[in-house]
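# Architecture and fold: a report
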Amino acid sequence: MKLFFTIILIVLLPTVSFLQEKEKEKDEQYVEKVKSLISFRAFTNHHLDLFIQDYPNSGQTPMLYRPATGLNVGGEFAFSFLHFNYQKNIPYGQPTFPDGSTPSHQRIGFDLGGNIFGMNVSFQKNRGFYLLNPTDYPFQKDDDFNDIKYKPSMTSTSFGVDFRFTFSSKLSANALFNQSERQLKSKGAFSLIFGDHFHELNDPNPFVPDSLKPFYAETASTNKIWVNTFHVMPGYGYIAVAGKWNIGLFLYSGSGIQLRKYFNEDGDKLNLKIPFVVKGRTGITYNGRNFYTRLTASGDLTSLGMKDADFRWMQSFIEFSVGLRFYGKE
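Quick summary incoming for the structure in this document.

Conventions we followed
Residues numbered from 1 in each chain as written. Predicted model: local features only at pLDDT ≥ 70, side-chain atom pairs only at ≥ 80, totals over all residues. Heavy atoms only, no water. Buried < 20%, exposed > 50% of the residue type's maximum accessible area, 1.4 Å probe, protein only. Helix = DSSP H or I, 4+ residues; strand = E, 2+ residues; numbered from the N terminus. Pairing = 2+ DSSP bridges. Salt bridge = Lys/Arg side-chain N within 4 Å of Asp/Glu carboxyl O. Core = buried A, V, L, I, M, F, W, Y, C linked by side-chain atoms within 4.5 Å. Contact = heavy atoms within 4.5 Å. Polar contact = N/O pair within 3.5 Å; in protein donor to acceptor, adjacent residues only side chain to side chain.

Side-chain positions along a regular strand alternate between the two faces of the sheet. Of all the 5 residues making up strand E3 (residues 50-54), 5 are buried; the element is thus mostly covered by neighbouring parts of the structure. Of the two faces of E3, the one carrying Leu50, Ile52 and Asp54 and the one carrying Phe51 and Gln53 are both buried. Two strands pair when backbone bridges link them, and E3 and strand E17 (residues 310-326) are joined in this way by 5 bridges, in the antiparallel orientation. Of the residues in E17, the one forming a bridge with glutamine 53 is phenylalanine 311. For E3 and strand E4 (residues 63-67), the ladder comprises 3 bridges, and the chain directions are antiparallel.

Next up, the structure:
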């Protein structure tokens, strides 16, 4: 019997090894790793983040408060598969606040990983918001309307950690979003994102304007909300290939567990929620040996939820970048 199993192992082991090598060759026909030592990337982007305040009992359209980020510029340094980036706003295309204050924005990011597994960490801070749709409200001619339209002291803070798992070694999200790999053939596959995001929105004055306060009890005097959301989002991605050009789209949707704390004149309250979260990323890239460039866009939507109002926080941006790679001894 032992001799029989020994013969079986002698026959099967080379076969299994051969099949594994063949499968690896097939994978390499779809995804190629970029083996540069270091790379530098300069980029500019435009954010459209929104604090959406929907008061269904009032009969009014949602209030859309946007951070006054204007145009942002930044840079990224990558060492092998480790990527570090930083961005900050510049004084262009920003609204002028009545008190003369200057809005600010900064974001710090770090990501690593390959085509199957990846991790992204980000921190973002905004100061200065304004109402994007002021003409939708009948109180726009009141003397205190500037206090509603402009919120120079309102801040948002976001910190997030996301882990990505792709259910195929033949599809690389990195080929689009950090270009540490190349997609060589068109391919689609299921994917999964799970992680934890913290958001805080804070203003010296209540979020709800005086004219809407009679409709609300819980939200009327709330001026600070923080939420921590652990989320799981299954999704699907596809990348089309034309030479060194890639174009692709990744969509995710799911839920999780959300701890939400809000602050008002009665103190603070902590609640547990099951939120709705959705994420989309798309891009078009050119991935040469030394020169690479890309145009990408991303959007995240998280429901914040109050008993008498529907608050949501959306983070989205469109970004253009160019980069250069440098190789060690080959």
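Pairs may arise between side chains of opposite charge once their charged atoms sit close together. The tally for this structure, following the rule as stated, stands at 10 salt bridges. The salt bridge partner of aspartate 54 is arginine 312, with a shortest N-O separation of 3.5 Å. Taken together, the positions of aspartate 54 in strand E3 and arginine 312 in strand E17 put the pair 258 residues apart, joining distant regions of the chain. Overall, arginine 312 belongs to the partly exposed group, its relative accessible area being 22%. Between aspartate 268 and lysine 261 there is a salt bridge, and its shortest N-O distance comes to 3.6 Å. Judged by relative accessible area, aspartate 268 falls into the partly exposed class, the value being 44%. By relative accessible area, which is 21% here, lysine 261 ends up partly exposed. A network of salt bridges, in which partner residues are shared, links Arg41, Glu76 and Glu319.

On to the nonpolar core. Ranked by size, the top nonpolar core spans 22 residues in total, and within it Phe51, Tyr55, Met63, Leu201, Phe207 and Phe311 carry the most contacts. Sequence-distant contacts of phenylalanine 51, that is, excluding residues within four places in its chain, are made with Met63, Leu64, Tyr65, Phe129, Met154, Leu201, Phe207, Leu304, Phe311, Arg312 and Trp313. If you look at the next biggest cluster of nonpolar residues, it comprises 12 residues, including Ala189, Ile193, Met233 and Phe250.

With respect to the secondary-structure elements, histidine 47 resides in strand E2 (residues 38-47). Within the structure, histidine 47 has its side chain in polar contact with the side chain of glutamine 87 (distance 3.0 Å). Beyond its immediate stretch of four places on either side in the chain, histidine 47 contacts Arg66, Thr69, Gly70, Asn72, Gln87, His105, Arg107, Gln124, Ser316 and Phe317.

On to the environment of alanine 242, then. Turning to its location among the elements, alanine 242 is positioned in strand E12 (residues 224-242). On a C-alpha basis, the gap between alanine 242 and serine 186 in space is 8.5 Å, while along the polypeptide they are 56 residues apart.

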